[in-house]
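# Breakdown of the fold
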Amino acid sequence: MGKAVVVVGMDDSDISYHALEWTLQHLILSESASAFDNSTFKLVIVHARLNAVNAIGIAGATPDLVSGVDTYLEETASKVKEKARRICSAYMIHTEEIEVKEGDPRRVLCEAVEKHNASMLVVGSHGHGALKRIFLGSVSDYLVHHVKCTVIIVKQSEKIKRSGSTSSTPKASE
């Protein structure tokens, strides 16, 4: 029997990195103290990179602005990949796959779950209030209702809320 696939949805937020750590601590490492290669889980990390024009809005999309935003989004995607690798390395886990796909996180994560035939999707909850959810929408709420696997939503710990970061996670800028 093949490994069960766990997809972790990532963005450049502390709660997202915390969700990856939670996955490593509670799913990957808890079932065996042996090397990840012997694990029953396959870890797939997915970052949804927004399209520059969609991020800006068509009305304000001058070529220079689109180019600048595109560069920023590409740098952010690289930062997420590098920090995810560092977090995994800190747990002595070598990631099997880190994907960056362009598009809305809802669509990208639904497609990743389907593509990898994932048995579980893990995402962080940004903890927006009801009013923000009305206007911004909730990625995690959408995923719970649209993916065909178990969804785990990792909430912010009090430590993350107070400090704005997790102390055990190496910073991407380090």
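Note that the structure is a prediction, hence the values are computed from the model and not measured.

## Focus: helix H1 (residues 14-28)
Taking 1.5 Å per residue, 15 residues should reach 21 Å; H1 reaches 20 Å between its end C-alpha atoms and fits that length. Of all 15 residues in H1, 11 are buried; the element is thus mostly enclosed. Where H1 is concerned, the buried positions are Ile15, Ser16, Tyr17, His18, Ala19, Leu20, Glu21, Thr23, Leu24, Leu27 and Ile28.

## Some details on the confidence of the model for the protein chain
In the predicted model, the protein chain carries a mean pLDDT of 81, and the fraction of residues at 70 or more is 74%. The least confident element of the protein chain is helix H7 (residues 158-163), whose mean pLDDT is 53; the most confident is helix H4 (residues 105-116), at 97. Scored below 50 in pLDDT, residues 32-38 shows 8 contacts in the model against residues more than four places distant or in partner chains. Under a pLDDT of 50 for its full length, residues 166-174 has, in the predicted model, 20 contacts with residues more than four places off or in other chains.

## Focus on the pattern of salt bridges
Once their charged atoms are close, side chains differing in charge can pair, the charge on each being opposite to the other. Tallying each qualifying case throughout the model produces 9 salt bridges. Residues Asp70 and Arg49 are paired through a salt bridge, measuring 2.5 Å at the closest nitrogen-oxygen approach. Taken together, the residues span a long stretch of sequence, with Asp70 in helix H3 (residues 63-90) and Arg49 in strand S2 (residues 41-49) at a distance of 21 residues. A relative accessible area of 6% places Arg49 in the buried class. In this structure, Arg107 and Glu111 form a salt bridge, with 3.0 Å as the shortest nitrogen-oxygen distance. Highlighted residues: Arg107 and Glu111, both in helix H4, separated by 4 residues, approximately one helical turn. On the basis of relative accessible area, Glu111 is assigned to the partly exposed category, the value being 43%. A network of salt bridges, in which partner residues are shared, links Arg49, Asp70, Glu74 and Glu102.

## A closer look at the sheet that holds strand S5 (residues 150-154)
The parallel open sheet is built from 5 strands, whose spatial order is S3-S2-S1-S4-S5. If you trace the sheet from one side to the other, it starts and ends with strand S3 (97-102) and S5, each paired once. Taking each pair of neighbouring strands and ignoring which way they run, the sheet shows an average axis angle of 25°. Direction of pairing for S2 relative to S3: parallel, over a ladder of 6 bridges. Pairing of Ile45 across the sheet is with Ile98, part of S3.

## A few points about the packing of H1 against H3
Relative placement of two packed helices is described by the angle separating their axes and the distance separating the axes. Two elements in contact, H1 and H3, have axes whose closest approach is 10 Å; the angle formed by their N-to-C orientations is 30°. By the criterion of interaxial angle, the relationship of H1 to H3 is roughly parallel. Crossing angle aside, the handedness with which H1 passes H3 is right-handed. For the pair H1 and H3, contact is made by Tyr17, Leu20, Glu21 and Leu24 and by Lys79, Val80, Lys83, Ala84, Ile87 and Cys88, respectively. Residue composition of the contact of H1 with H3, by class: 7 nonpolar, no polar and 3 charged.

Here is what the cut-offs are and how they apply
- Numbering of residues begins from 1 in every chain and follows the order in which that chain's sequence is written.
- Reporting of local features is limited, given that this is a predicted model, to residues whose pLDDT is at least 70; pairs of side-chain atoms are given and counted only at 80 or more, and all residues count toward the totals for whole chains, interfaces and linings.
- Calculation of side-chain values draws on the structure's entire complement of heavy atoms; hydrogens and water are dropped beforehand.
- Strands are runs of DSSP state E lasting at least 2 residues, helices are runs of H or I lasting at least 4, and numbering of each runs from the N terminus.
- Between the first and last residue of a helix there are one fewer steps than residues, each counted as 1.5 Å, and that sum is the expected span.
- Here's how the labels work: a residue is buried when its accessible area is under 20% of the maximum for its type, exposed when over 50%, partly exposed in between, all with a 1.4 Å probe on protein chains only.
- Every residue gets a pLDDT, meaning the predictor's confidence in that residue, from 0 to 100.
- Should any heavy atoms of two residues lie within 4.5 Å, those residues are considered in contact.
- The term salt bridge refers to a pairing of a side-chain nitrogen on Lys or Arg with a carboxyl oxygen on Asp or Glu at a separation within 4 Å.
- Pairs of strands are assigned from DSSP output, requiring at least two bridges between the strands.
- Axes here mean lines fitted to C-alpha atoms, for a helix over just the part in contact, with angles spanning 0 to 180 degrees between N-to-C directions.
- Reported orientations rely on four angle classes, namely roughly parallel under 35 degrees, roughly antiparallel over 145, roughly perpendicular from 65 to 115, and oblique for the rest.
- Crossings are classed by handedness, with left-handed meaning an anticlockwise turn of the near helix from the far one by less than a right angle and right-handed meaning a clockwise turn.
- The residue classification treats Ala, Val, Leu, Ile, Met, Phe, Trp, Tyr, Cys and Pro as nonpolar and Asp, Glu, Lys and Arg as charged. All others, Gly included, are polar.

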